[in-house]
There are 2 protein chains.
Amino acid sequence: MVMQRNTWQREAVRSALDTQMGFVSAQSLHSKLRGSGSHIGLATVYRALGDLASEGQADSLQSPEGENLYRACSRGHHHHLICRSCGLAVEIEADDVEVWAKRVASLHGFTQAEHVVDVFGYCSSCVAPSAESAANPVSARK
Amino acid sequence: MVMQRNTWQREAVRSALDTQMGFVSAQSLHSKLRGSGSHIGLATVYRALGDLASEGQADSLQSPEGENLYRACSRGHHHHLICRSCGLAVEIEADDVEVWAKRVASLHGFTQAEHVVDVFGYCSSCVAPSAESAANPVSARK
DNA sequence: GGGCTTATTGATAATGATTGTCAAAAGCGA
DNA sequence: TCGCTTTTGACAATCATTATCAATAAGCCC
């Protein structure tokens, strides 16, 4: 087992993530840090975020555009309601869904089920862009 | 409006997708096609898949590794139970989840809610790799 | 069939996020 | 402080995907 060392870089990433409202990409967190004086390396930000995520201190998900987004979070498994405009994320309870996912999986003979459940929308502050005329909302996949 | 022309390439992609058990990436569909003689271009496969997806003739989702996966499918909105090993996908009904997602979204003042709900696991043919010893299952994100 | 117009193709370059490399720098226990 | 090891960071390397653009081929009218 490897000894984990404490570096100011790791702290910088952790606290930058803490001050963040919603989910952020590694790239934008890196530029924010650079913007505030720190000259931390990009690879380091990626590493730190990856570590935080695997330690359970951060939560990660993929944006519809395929970027990996992170958010500070210490609690266990849960899901999010994410604003497509400002990135605001609300943690939501989804016990029903948990149960449903497990049931569906075993019903079909699947084991070691994991699930991806996230809801995207526009929060009340970010009113939906031109309501009806939005014939092609962001990330319409189907 | 633009006129849509019928090319053998488009057909090739469509039928290659049809003969596919589960979800495939554009890349692997391209190599499959090349492997069977056709010398269709990669960009064309991407374009064809994108078109199929936006016409509703194909279904798309992101793998945990960040690739876009496609599958032939003509029905409306639904979700999948996907085998992490062989890619087999079972379409699952999730009316409860639909309702839940809408309710949660409006409960928090979110509008134009879309959701991502997919369950990954190992199908009965692909027994989970060394059951218990799997301390680090594929795509463990948290 | 013969042209004509224009959508489509495909080889390749470009992009953009993420990861690998490796020498230099910095933790931390002694 | 010393020395051993983990980390860092600049940069190169990957990898999926998209843009470019000249060459090709569909659909159509004759």
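Anyway, here's the lowdown on the structure attached to this text. Predicted model, so just to flag it, every value in this text is computed and none were measured.

The next point concerns the protein's contact with DNA strand C. Taken together, the neighbourhood of DNA strand C is formed by 22 residues, with Tyr-46 and Asn-68 of chain A together with Arg-10, Thr-44 and Arg-47 of chain B sitting nearest. Counting only atoms of DNA strand C within 4 Å of the protein, the fraction found in sugar and phosphate groups is 62%. Backbone polar atom of Asn-68 of chain A to a phosphate oxygen of DNA strand C: 2.7 Å apart, as the coordinates give it. Within the backbone of Gly-41 of chain B, an N or O atom sits 3.1 Å from a phosphate oxygen of DNA strand C.

Attention now moves to the pattern of salt bridges. Once the charged atoms of two side chains with opposite charge are near each other, the side chains can pair. Residue and element names in this part refer to chain A. Considering all chains together, one arrives at six salt bridges over all chains under this definition. Notably, a salt bridge pairs Arg-10 with Asp-51, separated by 2.8 Å at the nearest N-O pair. Taken together, the residues span a long stretch of sequence, with Arg-10 in helix 1 (residues 8–18) and Asp-51 in helix 3 (residues 42–55) at a distance of 41 residues. The partner of Arg-14 in a salt bridge is Glu-11, with the nearest N and O atoms 3.3 Å apart. One end of the pair, Arg-14, and the other, Glu-11, are both in helix 1, three residues apart, so they sit about a helical turn from each other.

Residue and element names in this part refer to chain B. Reading across the sheet, the three strands line up as 1-3-2 and stay open at both edges, with antiparallel pairing between neighbours. Two strands close off the open sheet at either side, each with one partner strand: strand 1 (24–25) and strand 2 (58–62). Pairing between strand 2 and strand 3 (residues 68–72): five bridges, direction antiparallel. Following the sheet pairing, Leu-61 is matched in strand 3 by Leu-69.

So, about a negative patch on the surface. The grouping of Glu-93, Asp-95 and Asp-96 of chain A together with Glu-93, Asp-95 and Asp-96 of chain B at the surface amounts to a negative patch. Listing elements by their share of the negative patch, those giving two or more residues are helix 4 (95–107) of chain A together with helix 4 (95–107) of chain B. Along the chain, the position of Asp-96 of chain B falls in helix 4. When its relative accessible area of 55% is taken as the criterion, Asp-96 of chain B is described as exposed.

What follows is about the relation of the copies chain A and chain B. Mapping chain A onto chain B is achieved by rotating through 180 degrees and translating by 0.0 Å along the same axis, at an RMSD of 0.1 Å. Seen this way, the second copy is the image of the first under a two-fold rotation axis. Taking C-alpha positions as the reference, the residue of chain A nearest the rotation axis is Val-117 of chain A, at 2.2 Å.

This part covers the interface of chain A and chain B. Chain A puts 52 residues into the contact, and the matching count from chain B is 52 residues. Here chain A and chain B share an interface that buries about 4,100 Å² over both sides, 53% of which is from carbon and sulfur atoms. If you look at where chain A meets chain B, you find zero salt bridges. Between chain A and chain B we count four residue pairs in polar contact (both at pLDDT 80 or more) in total. Mapped onto the side of chain A that touches chain B, the elements with two or more residues apiece are strand 2 (58–62), strand 4 (79–83), strand 5 (89–92), helix 4 and strand 6 (111–122) of chain A. Looking at the side of chain A that touches chain B, the element that brings in the most residues is strand 6 of chain A, giving 12 residues.

Quick look at helix 2 (residues 26–35) of chain B now. Residue and element names in this part refer to chain B. Of the positions making up helix 2, those classed as buried are Ala-26, Leu-29, His-30 and Leu-33. The arc enclosing the buried residues of helix 2, seen along the axis, measures out at 100 degrees, which places them on a common side. Positive backbone phi, at 95 degrees, marks Gly-37, one or two positions downstream of helix 2.

A separate point is the environment of Ala-113 of chain A. Tracing the chain through its elements places Ala-113 of chain A in strand 6. When its relative accessible area of 37% is taken as the criterion, Ala-113 of chain A is described as partly exposed. Discounting chain neighbours no more than four positions away, the residues touching Ala-113 of chain A are Ala-105 of chain A together with Val-119, Phe-120 and Gly-121 of chain B.

It is worth spelling out the side chain of His-115 of chain A at this point. Within the secondary structure, His-115 of chain A is located in strand 6. Residue His-115 of chain A is classed as buried on the basis of its relative accessible area of 16%. A distance of 3.3 Å separates polar atoms of two side chains, one belonging to His-115 of chain A and the other to His-79 of chain A. Once you skip the residues sitting within four places of it in the chain, His-115 of chain A turns out to touch His-77, His-79, Glu-98 and Ala-101 of chain A together with Asp-118 and Val-119 of chain B.

Rules and cut-offs
Each chain carries its own residue numbering, running from 1 in the direction its sequence is written. Here the convention is simple: chains get letters from A, ligands get numbers from 1, in the order in which they are written. Per-residue local features of the predicted model are confined to residues with pLDDT of at least 70, and side-chain atom pairs are confined, for both listing and counting, to 80 or more; whole-chain, interface and lining totals are unaffected and use all residues. Values shown for side chains rest on all heavy atoms present in the structure; no hydrogens or waters enter the calculation. For each residue, the test is whether any non-hydrogen atom lies within 4 Å of the molecule or strand; if one does, the residue is near. Here a polar contact is taken to be a pair of N or O atoms separated by no more than 3.5 Å, where protein atoms must pair a possible hydrogen donor with a possible acceptor and residues adjacent in sequence count only if both atoms sit in side chains. By definition, a salt bridge exists where a carboxyl oxygen of Asp or Glu is found within 4 Å of a side-chain nitrogen of Lys or Arg. Counting from the N terminus, the helices are DSSP H or I runs at least four residues long and the strands are E runs at least two residues long. Pairing between strands is defined by DSSP: at least two bridges between them are needed. Within the patch definition used here, like charges are joined within 9 Å and nonpolar side chains (Val, Leu, Ile, Met, Phe, Trp, Tyr) within 5 Å, considering only residues with over 30% relative accessible area and no salt bridge. Here the Shrake-Rupley method, with its probe set to 1.4 Å, supplies the accessible areas, and only the displayed protein chains count as covering residues. Under the convention used here, Asp and Glu are negative, Lys and Arg are positive, and both His and the chain ends fall outside the count. Just so you know, the charge point we use is NZ for Lys, CZ for Arg, CG for Asp and CD for Glu. Categorising residues by exposure relies on relative accessible area from a 1.4 Å probe, with only protein chains included: less than 20% of the type maximum marks a residue as buried, more than 50% marks it as exposed, and the intermediate range marks it as partly exposed. A residue counts toward the fit only if its pLDDT is at least 70 in both copies, and the copies are then superposed by least squares on the C-alpha atoms of those residues. The contact criterion used throughout is that any non-hydrogen atoms of two residues lie within 4.5 Å. Here the quantity called buried area is the total loss of accessible area, with a 1.4 Å probe, experienced by two parts when brought into contact, counted for both. By construction, the arc corresponds to the directions joining the helix axis to the C-beta atoms.

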